Amino acid sequence: MTTPSESSKLSEEEKTIFQSKVFNDPIHGHLELHPLLIKIIDTKQFQRLRFIKQLGGAYFVYPGASHNRFEHSIGVAHLAGELARALRTRQPDLKITDKDILCVQIAGLCHDLGHGPFSHLYDGMFIKKQCPELDWKHEEASIEMFDYLVKDNKLEEEMKHWKLDLTKDLVFIKEMINGPLDAKAAEKKETPWPYKGRGQEKSFLYEIVSNKRNGIDVDKFDYFARDCHHLGMKNNFDYRRFIHFARVCEVKGEKQICVRDKEAVNIYDMFHTRYSLHKRAYQHKVNKIIETMITDAFVKADCHIRIEGSGGKKYTLSKAMEDMVAYTKLTDHVFEEILFSSSDELKEAREILKRIISRDLYRFLGEKLVNRSDLEAVKEAWKAGLAKLTEGLQSEDFEFSVITLDYGNKDKNPVDNMRFYSKENPDKAFRLPRERVSQLLPKNFSETRVRIFCKRTDETSLNAARDHPLLKQWENEKDRDD
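The following paragraphs examine the structure supplied in this document. (Residues numbered from 1 in each chain as written. Predicted model: local features only at pLDDT ≥ 70, side-chain atom pairs only at ≥ 80, totals over all residues. Heavy atoms only, no water.)

## Points about the environment of Lys21
Mapping Lys21 onto the fold places it in strand S1 (residues 21–25). Its relative accessible area of 44% is what places Lys21 among the partly exposed residues. It is 7.2 Å that separates the C-alpha atoms of Lys21 and His34, two residues lying 13 residues apart in sequence. When neighbours within four sequence positions are excluded, Lys21 is seen to be in contact with Leu31, Glu32, Leu33, Ile38 and Asp42. (Helix = DSSP H or I, 4+ residues; strand = E, 2+ residues; numbered from the N terminus. Buried < 20%, exposed > 50% of the residue type's maximum accessible area, 1.4 Å probe, protein only. Contact = heavy atoms within 4.5 Å.)

As structure tokens, this is what we get:
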């Protein structure tokens, strides 16, 4: 048996095998990861993902949804490697190198480093509510956290050991996570090819981890399978078939990942799975009530939470992402920090979280499917009706929530941005209109729902709230439909 002291005599391929580690994953089985990925995993910046729930508040609704960003990120790294290697095996002329595959896997591993407490609750609800003027997304923090991880753990030498270019390859990894680093120039289309990490001849590599063209990527492959597993739901999309039939074809001078024409229904199943997960879990009304309550608690606790960052500077809950030293310390544990605190300053926030634990939740009053064009009129009708309510009910006693469910491309069909190839001509890419796939596929790809919750739970207030003219109108329309 080879010992560590003898490993210096091994070839590069043998070193990789010797230093790799095997993970037993409930979704993908036994998966082996490159030694450099292991070095990244064994850092405090990556280990932080163990303490950030993948599905935010859904664990309070679905007892199985206890999984975290940690295992999802490992799964994405694995699938990124699987897809890249499959393309290389099938099409050697693409000249996919070991270095390309390693970079793609690092991007998959690190794409979610920037998530805050309870994942999308932090950037999608809390930051939007507390800092409405701030246009910030977790992908930006993923880039900053990746830079901090590499520098803080002195991984530059390790990367050089595996033949990575510390400028070009690191740029490539970050571009795969969040698109072109010069986003403004890319939007203006100042250059024909906005990426710096790889040339246009390898444009398809940018579609593996985060596909900006049509949303079909290994990030979704993993979280569909993983979330369905933990939620106890059926996943109708078979990502293994996609990987098996994936092929790179040239489309208008650019190389894109395409799939066999017979897999079109499988692609529609993927987007329907996305819709179903949002409808049944991510946007579940009780889940959204709980996430709204956590958000309200975070807003009330914001200026009273102090997290030490670089140089000893203190950051609040909503400002921690400005400093990666502070942000590394911010996880779901802030929930318990507030819940078990004895500080008078955190009393209001603490009481909201206690209500979650004791299941004294905000109450659901009603929901309506609306046309997007009618949304403003519905908002105005809600505001106008508030003045007619009794029992001292105010606008702050309610949560007016707008939920959009779609196939990931707003009201457009994302499959229109996908290209297919045939068995007879595997190098020719073509569109496959919905009508040629099946007559049973959807014609609309987006819907908007308005939900109204009441933060008070006493029957007197709830009865008064139900007297709102808009809620009465919805109830009358429902009775007519019945």
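## Focus on the side chain of Lys288
Checked against the element boundaries, Lys288 lands in helix H14 (residues 285–301). For Lys288, the residues in contact, after removing those within four places along its chain, are Met125, Tyr282, Gln283 and Arg451.

## With respect to the packing of helix H4 (residues 69–90) against helix H5 (residues 98–110)
Relative orientation of the contacting elements H4 and H5 amounts to 155 degrees, with a least axis distance of 7 Å. Judged on the interaxial angle alone, H5 and H4 are roughly antiparallel. Both H4 and H5 take part in a crossing whose hand is right-handed. Contacts between H4 and H5 involve Ser73, Ile74, Val76, Ala77, His78, Ala80, Gly81, Ala84, Arg85 and Arg88 from the first element and Asp98, Ile101, Val104, Gln105, Gly108 and Leu109 from the second. (Axes fitted to C-alpha atoms, helices over the stretch in contact; angles between N-to-C directions. Parallel < 35°, antiparallel > 145°, perpendicular 65-115°, else oblique. Left-handed = near helix turned anticlockwise from the far one by under 90°.)

## Quick notes on the sheet that holds strand S8 (residues 398–406)
Pairing is antiparallel in the open sheet, where three strands are placed in the order S7-S10-S8. On the outer flanks of this sheet lie strand S7 (363–370) and S8, each paired with one strand and no other. Each neighbouring strand pair of the sheet contributes to a mean axis angle of 20 degrees, computed without reference to strand direction. As judged from the seven bridges shared by S7 and strand S10 (residues 446–454), these two strands associate in the antiparallel manner. Bridging from a neighbouring strand, Leu369 pairs with Arg449 of S10. Where H14 meets the sheet, its contacts fall on S7, S8 and S10, and the angle it forms with S10 comes to roughly 60 degrees. (Pairing = 2+ DSSP bridges.)

## Let's talk about a positive patch on the surface
Residues Lys128, Lys137, Lys212 and Lys410 make up a contiguous surface patch of positive charge. Counting through the fold element by element, Lys128 comes out in helix H6 (residues 120–130). Lys128 gets classed as exposed once you look at its relative accessible area, which sits at 57%. (Patch = residues over 30% accessible without salt bridge, like charges linked within 9 Å, V, L, I, M, F, W, Y side chains within 5 Å. Areas by Shrake-Rupley, 256 points an atom, 1.4 Å probe, with all protein chains shown as cover. Salt bridge = Lys/Arg side-chain N within 4 Å of Asp/Glu carboxyl O. Lys, Arg positive; Asp, Glu negative; His and termini not counted. Charge placed at Lys NZ, Arg CZ, Asp CG, Glu CD.)

## Quick notes on unusual backbone geometry
Residues other than glycine predominantly adopt negative phi, and peptide bonds predominantly adopt the trans conformation. Despite not being glycine, Lys95 shows a phi value in the positive range, around 55 degrees. One non-glycine residue, Glu391, lies in positive phi territory at about 60 degrees. Mapped onto the fold, Glu391 is located in the loop between helix H18 (375–386) and S8. With relative accessibility at 45%, the residue Glu391 sits in the partly exposed group.

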